[in-house]
Amino acid sequence: MTKVRAAITGIHGWAPEYILTNEELERMVDTSDEWIISRTGIRERHILKGEGKGTSDIGAEAVKGLLKKTNTSPEEIDLLILATVTPDMLFPASSNIICDKVGIKNAWSFDINAACSGFLFALNTAAKFIESGQYKKVVLVGADKMSSITDYTDRTTCILFGDAGGAVLLEPNTDGYGVMDTKNYTDGSGRIYLYQTAGGSVKPPSHETIDAHEHFIHQEGQQVFKFAVKGMADVSVEMMERNNLTSDSIAYLVPHQANLRIIDATARRMGLDPEKVMINIQRYGNTTNGTIPMCLHEWEHKLKKGDNLILAAFGGGFTWGAAYVKWAYDPA
Ligand code: UT7
């Protein structure tokens, strides 16, 4: 029997208009363009402005573009999964809200929270619904409004994050294209290095939590860096070895964009030349669940049917993982 795989048959990304530059950050906190570029590779990031705007608005823009590009009507979608750490609110799930905003009515939907690895955890999950034969059209969205949990008085984190998202359409493929292999990991002991203290059930919002800036990202940068370099490189090399891939047979590494130095270290361990690595961190910063789909969106015109891609991420939790995807279509 021919194996059914989940093929990505379309991609669309979206970032809000407003651009927050390193120069503007220099006026907000004690930092410099030189420090930010040399330590992270980031030059600017996009920020979603406007009262009442949230992650579902980013996701809805990405999904609208995806449906248009792939000539798909909202009624055809069976399932929508959103990977995010910045839902519009704790509940209902923002995936539900995206469906409502774009007119997806014959589907069910849910959110996945795996911090920066969410898009890969959700890709693994979404692929199973296609491989099992249960569904024919699954939309996977990775989106975050990181500015909503960023403390713009904390120079160690506010220079890193931005807002953006992307969406892919997954459909069954029996010709050997699509999600070939996935591997995900979690290690909850890493939760002490990257977290948001308050707003959940342990520490509900109070005047005290707000005064203490506990509704923002807290990160022990150096610790996370150490684990990220090892975790992302190890799992990417593991994915190559499990599938007998060489640096020559890989078309692109599609890495989570947290720090240019982490991306470079991963590419080096994989033996990849720089032109085989998707990098747009300089223009978007770390958009958490938006990074991988935004890369696919910007490189779509270069991707050819049969290209071997390794998607890799590391993030809070800790969570990390990689996916091996055989690209299923040529540029339009
Ligand atoms: O996506 C989720 C996973 N997250 C990651 O993968 C992020 C991993 N971590 C990192 O990318 C890096 O650790 C950072 C970019 C966050 C920080 O870079 P670093 O090279 O690890 O810097 P550091 O934290 O060791 O700080 C070095 C110095 C410190 O000063 P002292 O103690 O040496 O005097 C900091 O106070 O740089 C200082 N510093 C800054 N200086 C100017 C920290 N932030 C800034 C800043 N501007 N924005």
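These numbers come from a predicted model, not from an experiment.

Q: Outline the sheet that holds strand E5 (residues 108-112), supporting the account with residue identities and numerical values.
A: Strand order in the open sheet formed by five strands is E1-E7-E6-E4-E5, with mixed pairing between adjacent strands. Each having just a single partner strand, strand E1 (5-14) and E5 make up the two edges of the open sheet. Adjacent strand axes in the sheet meet at a mean angle of 20° when their direction is disregarded. Pairing of strand E4 (residues 79-83) with strand E6 (residues 138-145) involves five bridges; the strand directions are parallel.

Q: How would you sum up helix H3 (residues 55-69)? Please name residues and give values.
A: For H3, spanning 15 residues, the distance from its first C-alpha to its last is 21 Å, which sits close to the expected 21 Å at 1.5 Å a residue. Among the 15 residues of H3, 11 are classified as buried, and the element is accordingly described as predominantly covered. Taken together, the buried positions of H3 are occupied by Thr 55, Ser 56, Asp 57, Ile 58, Gly 59, Ala 60, Ala 62, Val 63, Gly 65, Leu 66 and Leu 67. Summarising the contacts, the buried residues of H3 are in contact with E1, E4, helix H4 (94-102), E6 and strand E7 (163-173). Backbone geometry just after H3 places Asn 71 at a positive phi near 55°.

Q: Quick rundown of the domain arrangement of the protein chain? Include the residues and the values.
A: According to the domain assignment, the protein chain contains domain 1 (5-176) and domain 2 (180-326). The C-alpha centroid of domain 2 is placed 14 Å from the C-alpha centroid of domain 1. On the domain 2 side, the residues contacting the 50 residues of domain 1 number 45 residues. Summed over both partners, the interface of domain 1 with domain 2 buries about 3,700 Å², with 61% contributed by carbon and sulfur atoms. The tally of links between domain 1 and domain 2 comes to one salt bridge. Our count for the domain 1 to domain 2 interface comes out at 21 residue pairs in polar contact (both at pLDDT 80 or more). Of all elements in the fold, only E1, helix H2 (33-40), strand E3 (44-47), helix H5 (118-131), E6 and E7 reach the threshold of two or more residues within the side of domain 1 that touches domain 2. Per-element tally for the side of domain 1 that touches domain 2: the top contributor is H5, with seven residues. Taken together, the residues of the side of domain 1 that touches domain 2 break down into 22 nonpolar, 18 polar and 10 charged.

Q: Any details on the sheet that holds strand E8 (residues 178-186)? Residues and values, ideally.
A: Strand order in the open sheet formed by four strands is E8-E13-E12-E11, and the pairing between neighbours is mixed. The open sheet has two edge strands with one neighbour each: E8 and strand E11 (252-255). On average, adjacent strands in this sheet sit at an angle of 15° to one another, irrespective of strand direction. For E11 and strand E12 (residues 308-315), the ladder comprises four bridges, and the chain directions are parallel. Across the sheet, the residue bridging to Val 254 is Leu 311, located in E12.

Q: Give a description of the environment of Glu 61 that names residues and reports values.
A: Mapping Glu 61 onto the fold places it in helix H3. A relative accessible area of 31% places Glu 61 in the partly exposed class. Distance from Glu 61 to Phe 121, taken between C-alpha atoms, is 22 Å for residues 60 residues apart in sequence. Apart from residues no more than four positions distant in its own chain, Glu 61 is found in contact with His 12 and Trp 14.

What counts, and where the lines are drawn
Residues numbered from 1 in each chain as written. Predicted model: local features only at pLDDT ≥ 70, side-chain atom pairs only at ≥ 80, totals over all residues. Heavy atoms only, no water. Pairing = 2+ DSSP bridges. Helix = DSSP H or I, 4+ residues; strand = E, 2+ residues; numbered from the N terminus. Axes fitted to C-alpha atoms, helices over the stretch in contact; angles between N-to-C directions. Expected span 1.5 Å × (residues − 1). Buried < 20%, exposed > 50% of the residue type's maximum accessible area, 1.4 Å probe, protein only. Contact = heavy atoms within 4.5 Å. Domains from an automatic or database assignment. Buried area = accessible area lost by both parts, 1.4 Å probe. Salt bridge = Lys/Arg side-chain N within 4 Å of Asp/Glu carboxyl O. Polar contact = N/O pair within 3.5 Å; in protein donor to acceptor, adjacent residues only side chain to side chain. Nonpolar A, V, L, I, M, F, W, Y, C, P; charged D, E, K, R; others polar.

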